[in-house]
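# Structural overview
Take a look at the letters that make up each chain.
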Amino acid sequence: MTGFKAGFLWGGAVAAHQLEGGWQEGGKGASVADVMTAGAHGVSREITNGVLPGKNYPNHEAIDFYHRYKDDLKLFAEMGYKCFRTSIAWTRIFPNGDELTPNEAGLQFYDDLFDECLKLGIEPVITLSHFEMPYHLVTEYGGWRNRKLIEFFVRFAEVVFTRYQHKVKYWMTFNEINNQANFHEDFAPFTNSGLKYAPGEDREPVMYQAAHYELVASALAVKIGHEINPQLQIGCMIAMCPIYPLSCAPNDMMMAMNAMHRRYWFTDVHVRGKYPQHLLNYFERRGFELDITEEDRQALAEGCVDYIGFSYYMSFATKATADNPQLDYDETTSLVSNPYVQKSDWGWQIDPVGLRYSLNWFYDHYQLPLFIVENGFGAIDVQESDGTVNDQYRIDYLAAHIAEMKKAVVEDGVDLMGYTPWGCIDLVSAGTGEMKKRYGFIYVDKDNEGNGTLARSRKKSFAWYQKVIATNGSEL
Ligand code: P53
């Protein structure tokens with residue numbers, strides 16, 4: 001093997017809520033993303049009680065892909081995309097989430113979008129739930145702490161699998177389901193699971209309960225999807241930030257292993273259809289009594305995923321400390337800075353080798369095909385007076401990561417399906433709500449305050465990525 005396989009899925013990735021806008025068009029309901037204001041590096045996005053006047057909600061308009069997708073897809077086709085990863089906004093199909101019948105206008109929008117992709121030779125890759133669940137499910141049901149959400153999600157999945165089965169082959173259930181391992185902060189519990197915590201509430205068992213219901217919902221969706229059409233490839237989606245020990249001290253190594261357990265057990269359940277023993281022992285030690293039924297266990301066993309989709313932006317590091325004798329990992333307090341790598345302007349550690357490590361880690365553990373469905377460099381771009389953007393730093397980042405990804409395939413024998421860099425067109429940052437944290441090959445004229453023409457233009461990285469695809473990754 002000398003390079004990427006024929007049919008390798010080069011493309012780009014986005015999520016509905018971060019680019020579509022049109023937040024009330026075609027009968028769409030409010031999602032959790034619609035009640036989050038703009039923040040900044042070090043300033044959390046505010047989660048408001050509903051949509052309040054006078055607040056800046058960047059996802060409401062986003063980059064107006066809802067009205068401009070035909071032109072945007074043409075630019076993706078010009079780069080040579082084989083695939084395009086986006087999500088179906090749940091709230092376009094079930095505006096409140098608990099309806100019995102879907103909203104036809106929402107279904108039609110995605111029919112049109114997928115038809116347009118296919119016309120251009122671009123295969124849609126679809127996430128079912130990407131940080132945009134119906135807000136009504138938060139206010140009426142408490143989000144995924146409520147078992148009823150399984151039924152609502154499965155209905156949504158069944159409707160869209162049935163409707164799009166001949167247009168969409170590659171699916172993923174829950175985007176970065178494991179982000180909520182970071183349960184002390186408000187962002188991930190809310191975006192992953194629609195969880196809002198009461199002051200003083202013991203957050204950790206609530207997170208495990210919500211994740212359990214999501215994993216059951218995911219497994220049921222996988223099973224139903226395969227029944228609807230055995231051709232469908234349905235994967236999970238994991239945020240991979242491999243956690244290194246700060247040193248080779250044995251307890252640092254154990255700490256790193258425990259940290260990997262606590263952040264990646266979600267993958268075990270998706271792939272193997274059962275909980276890893278270390279987590280069951282942890283629940284027992286902590287006295288967490290979760291609602292996990294025999295039927296749930298059976299559902300998990302019968303709905304194992306076909307492939308592992310994952311995002312990779314950065315690696316983490318951790319170390320053992322004297323006040324933590326059990327070497328328990330707490331994502332809010334256990335991470336340390338890695339002295340061997342650089343950081344982005346948002347503090348994300350830049351580590352291309354970590355991508356090769358991650359690919360090997362996944363393949364060693366699970367022996368399933370892998371799909372890198374996000375990777376990229378969030379940076380401040382400067383548009384010159386002639387309209388150009390010289391984003392050489394983005395080219396450097398991506399080229400270094402693709403080079404390591406190639407080693408994982410060619411030298412290490414990892415089975416890799418494709419690569420879709422994140423935010424292939426500038427969009428609203430999930431973490432901060434900013435426009436100025438840009439990832440795209442395509443610049444969008446809009447700033448953090450919402451000013452700008454929304455005009456699109458090609459950055460330097462546009463032609464570079466076009467060449468990468470044209471040469472199937474041999475010219476970086
Ligand atoms: P932003 C944290 C860590 C890794 C990936 O992120 C993450 C997050 C959440 O911020 O999210 C994924 O926009 C996510 C995308 C998101 C992208 O990474 O905060 O799947 O929705 O936009 C980049 O820079």
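What this report covers is the structure whose coordinates are included nearby. (Residues numbered from 1 in each chain as written. Predicted model: local features only at pLDDT ≥ 70, side-chain atom pairs only at ≥ 80, totals over all residues. Heavy atoms only, no water.)

### Some words on the pairing of strand β3 (residues 123-129)
It is a general feature of regular strands that their side chains alternate between the two faces of the sheet. Test applied: To sort residues, take the accessible area from a 1.4 Å probe on protein chains only and compare it with the maximum for the residue type: under 20% means buried, over 50% means exposed, and anything in between is partly exposed. Numbering of helices and strands runs from the N terminus; a helix is a DSSP stretch of H or I covering at least four residues, while a strand is a stretch of E covering at least two. Strands qualify as paired when DSSP identifies two bridges or more between them.
Counting buried residues along β3, six of its seven residues qualify, which places the element largely inside the surrounding structure. With five bridges joining them, strand β2 (residues 83-87) and β3 adopt parallel strand pairing. Among the inter-strand pairings, F84 is bridged to a residue of β3, identified as P124.

### Focus: the state of the cysteines
Disulfides are covalent bonds that connect the sulfur atoms of two cysteines. Note the following rule: Cysteine sulfur atoms are paired as a disulfide whenever they fall within 2.5 Å.
In the structure shown here, the tally under the stated rule is zero disulfides. Here C83 is not cross-linked by a disulfide; its sulfur's nearest cysteine counterpart is in C424, at 9.4 Å. Here C241 is not cross-linked by a disulfide; its sulfur's nearest cysteine counterpart is in C236, at 15 Å. For C241, a relative accessible area of 6% puts it in the buried group.

### Some remarks on the site of the ligand
Note the following rule: Only heavy atoms are used to decide nearness, and a residue is near a molecule or strand if one of them lies within 4 Å of it. Any pair of nitrogen or oxygen atoms within 3.5 Å is treated as a polar contact; in protein, a donor-acceptor pairing is required on top of that, and neighbouring residues in sequence qualify only through side-chain atoms on both sides. In this classification, the charged set is Asp, Glu, Lys and Arg, the nonpolar set is Ala, Val, Leu, Ile, Met, Phe, Trp, Tyr, Cys and Pro, and all remaining amino acids, among them Gly, are polar.
Close to the ligand lie 16 residues, the nearest being Q18, E374, A430, K437 and Y439. Within the side chain of W422, a nitrogen or oxygen atom sits 3.2 Å from an oxygen atom of the ligand. Residue classes in the shell around the ligand are distributed as eight nonpolar, five polar and three charged.

### Some thoughts on the sheet that holds strand β9 (residues 335-336)
Strands in a sheet are paired, the pairing made by backbone hydrogen bonds, and the direction either parallel or antiparallel. For the record, the criterion: Working rule for contacts: check all heavy atoms of both residues, and any pair within 4.5 Å makes them a contact. Axes here refer to lines fitted to C-alpha atoms; in helices the fit is confined to the stretch in contact. Angles between the N-to-C directions go from 0 to 180 degrees.
As summarised here, the arrangement of the three strands in space is β6-β8-β9, forming an open sheet in which the pairing is mixed. Here the strands that pair on one side only, and so sit at the sheet edges, are β6 (243-245) and β9. Here β6 pairs with strand β8 (residues 316-318) via three bridges, running parallel. Bridged to I243 within β8 is F316. Sitting on the sheet, helix α9 (residues 250-272) touches β6 and β8, and the angle it makes with β6 is about 170°.

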